[in-house]
Amino acid sequence: MVDKKENKMDKIVSLCKRRGFIFQGSEIYGGFAGFWDYGPYGLALKNNIKNLWWQIFVEEREDIYGMDTSVIMNPRAWEASGHVAGFADQMDNGNKFNVMFKTSVGAGEESIVSYLRPETAGGMFVNFKNIMDSLSPKIPFGLAQVGKAFRNEIAPRDFVFRSREFEQMEVEYFVKPADWEKYFEEWKKIISMWCKIIGLEKSHTHELEVLDKERAHYSKRTIDFEFDYPFGRKELYGLAYRTDFDLKSHSSFSNADLYYYDEETKEKFIPHIIEPSLGVDRTILAVLSEAYKEDEMNEEKRIYLALKPILAPIKVAVFPLLKNKPQLVKKAREIYEDLKKKFKAVEFDDNGNIGKRYRKQDEIGTPFCVTVDFDTLEKDKKVTVRDRDSGKQERIDIDKLITYLSEKISL
Ligand code: GAP
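Nothing here was measured: the structure is a model prediction, and the numbers come from that model.

A. Structural view of the overall build of the protein chain. Counting its secondary structure elements, the protein chain contains 13 helices and 22 strands. Dimensions of the protein chain, computed from C-alpha atoms along their principal axes, come out at roughly 80 × 55 × 45 Å. For the protein chain, with 411 residues in total, the buried portion stands at 52%. A fraction of 64% describes how many contacts in the protein chain between residues 6 or more apart in sequence connect residues 24 or more apart. In the form shown here, the protein chain has an accessible surface area of approximately 20,500 Å², with 49% of it arising from carbon and sulfur atoms. For the protein chain, the distance from the average site of its 65 positive side-chain charges to the average site of its 69 negative ones is 4 Å.

In structure tokens form, the structure reads like this:
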């Protein structure tokens, strides 16, 4: 149990810095509000989340195509999307402030003002015609993209929850106008399933029907998926019905034909869009909040991250019991090399005593630690495998180690 709810956030931020997950951006210059840098374990966690999302939302489906579009687009695209006129936040004095980051493209008098994208969606809408012309997908189908988005938030806060540079995992799903409700429901279920897969407790996630006046300018229906963060219940993901707003508007601003022609029914129409939009950094924070645990083991207080093995930055750590016994080190390194071929994210550690090594692996969420001791060499050709959450230790045959770990890690 984590004792005081109000300081759980401080503890997570402190663990992230101490163990190399997430650092304040430009820290040696006093930081820079709204910007964060991911260290090795934070990056591994982030990549595991993005790869799992890509696997489930793109690779395992037949109807979704991946894209990687540019961050900076022709500024006309942001006029068409309504972001130049309407992507504004209220400031304390009542004035509105457009949160898109401006940048200038080109030199001298030739330069023009454009923007860093505030959502990855735009790049997919402006490529609708290219995708139709090159792949001719049949409706319903989707485009998917993972990438950075930028917003000059007036009040960045709560660690990586509200930052000025962040990442999104978005699908733009194109449907017949009459089918939008059916697919909206489908995507609602997929997002709930995703939350379960990444280890969020059902009782900690909530669906909020967003009121008319609070929806983004392009949306006719939005559900926010909220999560009980240590600082309160806040938006984790959004699911929006964007109607034909985007394609219609891009079609009229660019004069491109963004209609879909249905060969079966001979109908021509602008597809409607259902958009599940998932923030990567908010996912990381939700996953860390859920996984952060404190308990007592061997009469000592310990902290551990009960991460799902598929998300854990390191899957297995291998230790020789003693650093100064070459035969133990040699055997441990052999086992490490074998495991690394299979699981890749494997660490060898001979620093300090075993207790210290366990503490580190617990704090970075490594599900299993393997120790080579004298019995391994002299008696039974077995190693000790310790389970992160229970602390339980089992002797496992070296020959059976990969099978044993594979089964547990794939859960
Ligand atoms: N394309 C739709 C869109 O961008 P949004 O609700 O503004 O909708 C979608 O953003 C998701 O992006 C949010 O649910 C959240 O996960 C993430 N997000 C938005 N602003 C963010 C910020 N300032 N910092 C971190 N994540 C953010």
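B. Quick peek at the sheet that holds strand β19 (residues 346-348). Taken in spatial order, the 5 strands make up an open sheet running β19-β18-β20-β21-β22, and their pairing is mixed. The open sheet terminates on both sides in strands that have one partner only, identified here as β19 and β22 (393-397). Pairwise comparison of adjacent strand axes, ignoring direction, gives a mean angle of 25° for this sheet. Judged from the 3 bridges that link them, strand β18 (residues 316-320) and β19 form a sheet pairing that is parallel. Within the sheet, the bridge partner assigned to A317 lies in β19 and is E347.

C. The arrangement of the side chain of S219 in detail. Assignment of secondary structure puts S219 in the loop between β10 (205-209) and β11 (221-229). S219 gets classed as buried once you look at its relative accessible area, which sits at 10%. Those residues in contact with S219 that sit more than four places away from it in its chain are A240, Y241 and R242.

D. Quick peek at the site of the ligand. In the neighbourhood of the ligand, 20 residues make up the surrounding shell, with E119, E153, E170, E235 and L236 lying closest. In the environment of the ligand, an oxygen atom lies 2.8 Å from a nitrogen or oxygen atom belonging to the side chain of R151. For the ligand, an oxygen atom lies 2.7 Å from a polar atom in the backbone of L236. When the ligand sits alone it has 560 Å² of accessible area, and the protein chains cover 92% of it. Among the secondary structure elements, those contributing two or more residues to the shell around the ligand are β9 (165-175), β12 (232-243) and β15 (272-279). When residues in the shell around the ligand are grouped by element, the largest group, 5 residues, is from β12. Grouping the constituent residues of the shell around the ligand by class yields 6 nonpolar, 5 polar and 9 charged.

E. Quick peek at a nonpolar patch on the surface. Residues I72, V105 and I112 make up a contiguous nonpolar surface patch of about 230 Å² in total accessible area. Within the secondary structure, I112 is located in strand β7 (residues 112-115).

F. Highlighting the pairing of β15. For β15, the buried fraction is high: 8 of the 8 residues fall into the buried class. Side chains of β15 alternate between two faces, with H272, I274, P276 and L278 and I273, E275, S277 and G279 buried alike. One ladder, built from 6 bridges, connects β9 with β15; its direction is antiparallel. Residue pairing for β15: Q168 is matched across the bridge by G279. In the sheet, β12 pairs with β15 via 6 bridges, with the strands oriented antiparallel. When the bridges of β15 are listed, T243 appears paired with I273.

G. Spotlight on the domain arrangement of the protein chain. Assigned domains within the protein chain: domain 1 (8-289) and domain 2 (314-409). Taking only C-alpha atoms, the centre of domain 1 and the centre of domain 2 are 40 Å apart. Joining domain 1 to domain 2, the criterion identifies 2 salt bridges. Close ionic contact of E363 with R18 constitutes a salt bridge, the shortest N to O distance being 2.7 Å. Summed over the shared surface of domain 1 and domain 2, the result is 4 residue pairs in polar contact (both at pLDDT 80 or more). For the side of domain 1 that touches domain 2, the secondary-structure elements that each account for two or more residues are α1 (8-18) and α2 (40-59). Residue composition of the side of domain 1 that touches domain 2, by class: 3 nonpolar, 1 polar and 2 charged.

H. Molecular detail of helix α13 (residues 401-409). Within α13 the residues assigned to the buried category are L401, Y404, L405 and I409. All buried residues of α13 lie within an arc of 120° about the axis, which places them on one face of the element. Here the buried face of α13 lies against β18, α10 (326-343), β20 (368-372), β21 (382-387) and β22.

I. Structural detail: the packing of α2 against helix α7 (residues 180-197). Contact pair α2 / α7: the axes reach a minimum separation of 12 Å and the direction vectors enclose 140°. Note on packing geometry: the crossing formed by α2 with α7 is right-handed. Here I49, L52, W53, I56 and F57 of α2 come into contact with α7, specifically with W187, I190, M193, W194 and I197. In terms of residue class, the contact of α2 with α7 is made up of 10 nonpolar, no polar and no charged.

Criteria and thresholds
Throughout this description, residue numbers start from 1 for each chain and increase along the sequence as written. Local features are withheld for residues below a pLDDT of 70 in this predicted model, meaning they are given only at 70 or higher, and side-chain atom pairs are given and counted only at 80 or more; totals for whole chains, interfaces and linings count all residues. With hydrogens and water excluded, all non-hydrogen atoms of the structure serve as input to the side-chain values. The way it works is that DSSP assigns letters per residue, a run of H or I at least four long becomes a helix, a run of E at least two long becomes a strand, and they are numbered from the N terminus. Relative accessible area decides the class of each residue, using a 1.4 Å probe on protein chains only: under 20% of the type maximum gives buried, over 50% gives exposed, and in between gives partly exposed. Contacts between residues were defined by any pair of non-hydrogen atoms, one from each residue, lying within 4.5 Å. Accessible areas in this description were obtained via Shrake-Rupley with a 1.4 Å probe; residue shielding takes into account the shown protein chains only. The charge count treats Lys and Arg as positive and Asp and Glu as negative. His and the chain ends do not count. For charged residues, the charge sits on one atom: NZ in Lys, CZ in Arg, CG in Asp, CD in Glu. At least two bridges found by DSSP between two strands is the condition for calling them paired. Axis lines are fitted through C-alpha atoms, for helices just across the contact stretch, and the angle between N-to-C directions can take any value from 0 to 180 degrees. Near, as used in this document, describes a residue that has one of its heavy atoms within 4 Å of the molecule or strand being considered. Any pair of N or O atoms that falls within 3.5 Å is considered a polar contact. Within protein, one atom must be able to donate a hydrogen and the other to accept it, and sequence-neighbouring residues count only if both atoms are side-chain atoms. For this classification, the nonpolar set comprises Ala, Val, Leu, Ile, Met, Phe, Trp, Tyr, Cys and Pro, the charged set comprises Asp, Glu, Lys and Arg, and every other residue, Gly included, is treated as polar. Patches in this entry comprise residues that are over 30% relatively accessible and not in a salt bridge; like charges within 9 Å are linked, as are nonpolar side chains (Val, Leu, Ile, Met, Phe, Trp, Tyr) within 5 Å. Throughout this description, the term salt bridge denotes a Lys or Arg side-chain nitrogen within 4 Å of a carboxyl oxygen of Asp or Glu. Each domain's limits were defined by an automated method or a database of domain assignments. In this context, the arc is that of the directions from the helix axis out to the C-beta atoms. Throughout, a crossing is termed right-handed when the near helix is turned clockwise from the far one, and left-handed when it is turned anticlockwise from it by less than a right angle.

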